[in-house]
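If you want the building blocks of each chain, they are given just below.
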Amino acid sequence: AVVSTQSTGEMLLTSAGFVFVGSLTHDQLSATQYVAPLMAQYDLSLSDDSNIFYYIESDTRAIIQWDNVYLHRKDKQGHDQPFTFQVQLYNNGDIIFNYKKVPVPVEEINDYNHYVKVGISEAFYEVETRHGVTVTYIHEYNTVEVDFEYVKADIGIVLTPKTMCSDAHSCSACATLETEFDCGWCPKIKTCSDGTYRYKQNWTDAQCDEPNNSLFTVDECNNYIEPCTAGNYMGDDGKCYQCRGNTYSGDGAEFCIKCPYGKTSPAGSKSIDDCEYDDEDEHYSGARQTHGTGFALASLVFIRSLIP
């Protein structure tokens, strides 16, 4: 099936009667990730009156309308009249399907060359590398199907979202959220989830599913101590302090590590790569003066360390 598309930021409009909201597109959108007021194979080239319009109202609402679009075979008996319908997407999660022209029952539309669907579907991605080859898997995890018998001219269908884990943006809000999902707060990525959502790869990479890596109660939230970021260490009082000069630390450190002998680093250094010789040319010149033997250089270091 030939499908034309039009991108508008994070939204992809298609001639096939559905919208994709996101940034990572793939060739399985019509099977796994869509908002479809009436998915089918349309051909916009059959009429000069066929168009796809969209209107974005600030940050509150987006309207996409398929206007006078014909099914791919316009000359097929009973299928020679245009369809006009739209979807409205609201920032609170509400979705409205509106229908103005539905000339034939949806169940009579041929799905031989393209899916015929009404509803929404979502999926998450998992990325694996095997034998040097990176493979992306797409897993459909949530689908809402609207019965075709409700799709008629001059009818509107409203889809209202359930309370989701992603509605919570703090640990305490996640722990007290009233929802049917088993939500947990993962401090490492500051996300509330049950582990199954579009960005599951982030959840997996951060090992949020591992024991003690997510928080589920208010007490756990209150007692949780945020690990120090790289370049800092945690003191006995549970507070983070910056590493001094000539030392470094990674994430979650309880102490700072000294730079190798002869190297220095600024305060707050995050890795051994931040430790450098004060004068790189002088260092290598000194090494050459030892006539190039690692033993001589090591001996020189040892002898200098004995001098008070």
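## A closer look at the overall build of the protein
Then, number 1: When you go through the protein residue by residue, the secondary structure sums to 6 helices and 19 strands.
Then, number 2: Here the protein, with 308 residues, has 36% of them falling under the buried criterion.
Then, number 3: At a minimum sequence separation of 6, the contacts of the protein that also span at least 24 residues come to 43%.
Then, number 4: Counting only carbon and sulfur atoms, one obtains 49% of the accessible surface of the protein, whose full area is about 19100 Å².

## Here we look at the packing of aromatic side chains
Then, number 1: The tally for this structure, following the rule as stated, stands at 7 aromatic pairs.
Then, number 2: Taken together, a centroid distance of 5.9 Å and an interplanar angle of 40° make the contact between Y42 and F85 tilted. With Y42 in the loop between β4 (34-39) and β5 (51-57) and F85 in strand β7 (residues 83-90), this residue pair connects regions lying 43 residues apart in the sequence.
Then, number 3: Geometry around Y115 places K117 over its ring, the cationic atom sitting 4.2 Å from the centre.
Then, number 4: Against the face of F124 rests K200, its NZ or CZ located 5.6 Å from the ring centre.

## Re the pattern of salt bridges
Then, number 1: Within the structure shown, the criterion is met by 5 salt bridges.
Then, number 2: A salt bridge links R61 to E57; the nearest nitrogen and oxygen atoms lie 2.8 Å apart.
Then, number 3: Exposure remark for E57: the relative accessible area of 29% places this residue in the partly exposed category.
Then, number 4: Linking K162 and E180 is a salt bridge whose minimum nitrogen-to-oxygen distance equals 3.3 Å. Of the two residues, K162 is situated in the loop between β11 (155-159) and α2 (171-175) and E180 in the loop between α2 and β12 (184-186); the sequence distance between them amounts to 18 residues.
Then, number 5: On the basis of relative accessible area, E180 is assigned to the exposed category, the value being 60%.

## Quick look at the nonpolar core
Then, number 1: Formed by 30 residues in total, the largest nonpolar core has its most connected members in I64, F83, V87, F97 and Y99.
Then, number 2: Secondary-structure elements contributing two or more residues to this core are β2 (11-14), β4, β6 (61-69), β7, β8 (95-101) and β11.
Then, number 3: If we ignore the near neighbours within four places in the chain, the residues touching F83 are L38, Y42, W66, D67, N68, V69, L71, K101, V102, P103, V104 and I109.

## Here we look at the state of the cysteines
Then, number 1: In the structure shown here, the tally under the stated rule is 7 disulfides.
Then, number 2: With its sulfur 1.9 Å from that of its partner, C171 forms a disulfide with C221. Judged by the sign of its S-S torsion, about -80°, the bond between C171 and C221 is left-handed. In this pair, C171 sits in helix α2 while C221 sits in helix α4 (residues 218-223), placing the two residues 50 residues apart along the sequence. The exposure classification of C171 matches that of C221, with both residues buried.
Then, number 3: A sulfur-sulfur separation of 2.0 Å characterises the disulfide bridge that pairs C259 with C275. Here C259 and C275 share a disulfide; its torsion about the S-S bond, -65°, makes the bridge left-handed. Here C259 is found in the loop between β17 (257-258) and β18 (263-264), whereas its partner C275 is found in the loop between β18 and β19 (276-277), with 16 residues between them in sequence.
Then, number 4: For C259, a relative accessible area of 12% gives the class buried.

## Regarding the confidence of the model for the protein
Then, number 1: Of the residues in the protein, 85% have a pLDDT of 70 or more, and the chain-wide mean is 83.
Then, number 2: The model gives residues 1-5 a pLDDT under 50, and that stretch makes 15 contacts with residues more than four places away or in other chains.
Then, number 3: Taken together, the stretch residues 281-308 has pLDDT below 50 and engages in 7 contacts with residues farther than four places along the chain or on a different chain.

## Here's the deal with a negative patch on the surface
Then, number 1: There is a patch of like negative charges on the surface, built from E107, E108, D147 and E149.
Then, number 2: Overall, D147 belongs to the partly exposed group, its relative accessible area being 40%.

## Description of the sheet that holds β5
Then, number 1: Read across the sheet, 5 strands follow the order β5-β6-β7-β8-β11 without closing on themselves; strand pairing throughout is antiparallel. Whereas interior strands pair on both sides, the edge strands pair on one side only; in this sheet they are β5 and β11. Taking the axes of each pair of neighbouring strands and ignoring which way they run, one obtains an average angle of 15° across the sheet.
Then, number 2: Relative to β6, β5 is paired through 7 bridges, and the arrangement is antiparallel. Note that in β6 the partner of F53 across the bridge is Q65.

Rules and cut-offs
- Residues numbered from 1 in each chain as written.
- Predicted model: local features only at pLDDT ≥ 70, side-chain atom pairs only at ≥ 80, totals over all residues.
- Heavy atoms only, no water.
- Helix = DSSP H or I, 4+ residues; strand = E, 2+ residues; numbered from the N terminus.
- Buried < 20%, exposed > 50% of the residue type's maximum accessible area, 1.4 Å probe, protein only.
- Contact = heavy atoms within 4.5 Å.
- Areas by Shrake-Rupley, 256 points an atom, 1.4 Å probe, with all protein chains shown as cover.
- Phe/Tyr/Trp six-rings, centres within 6.5 Å; stacked < 30°, edge-to-face > 60°.
- Lys NZ or Arg CZ within 6 Å of the ring centre and 35° of its normal.
- Salt bridge = Lys/Arg side-chain N within 4 Å of Asp/Glu carboxyl O.
- Core = buried A, V, L, I, M, F, W, Y, C linked by side-chain atoms within 4.5 Å.
- Disulfide = S-S within 2.5 Å.
- pLDDT = per-residue confidence, 0-100.
- Patch = residues over 30% accessible without salt bridge, like charges linked within 9 Å, V, L, I, M, F, W, Y side chains within 5 Å.
- Lys, Arg positive; Asp, Glu negative; His and termini not counted.
- Charge placed at Lys NZ, Arg CZ, Asp CG, Glu CD.
- Pairing = 2+ DSSP bridges.
- Axes fitted to C-alpha atoms, helices over the stretch in contact; angles between N-to-C directions.

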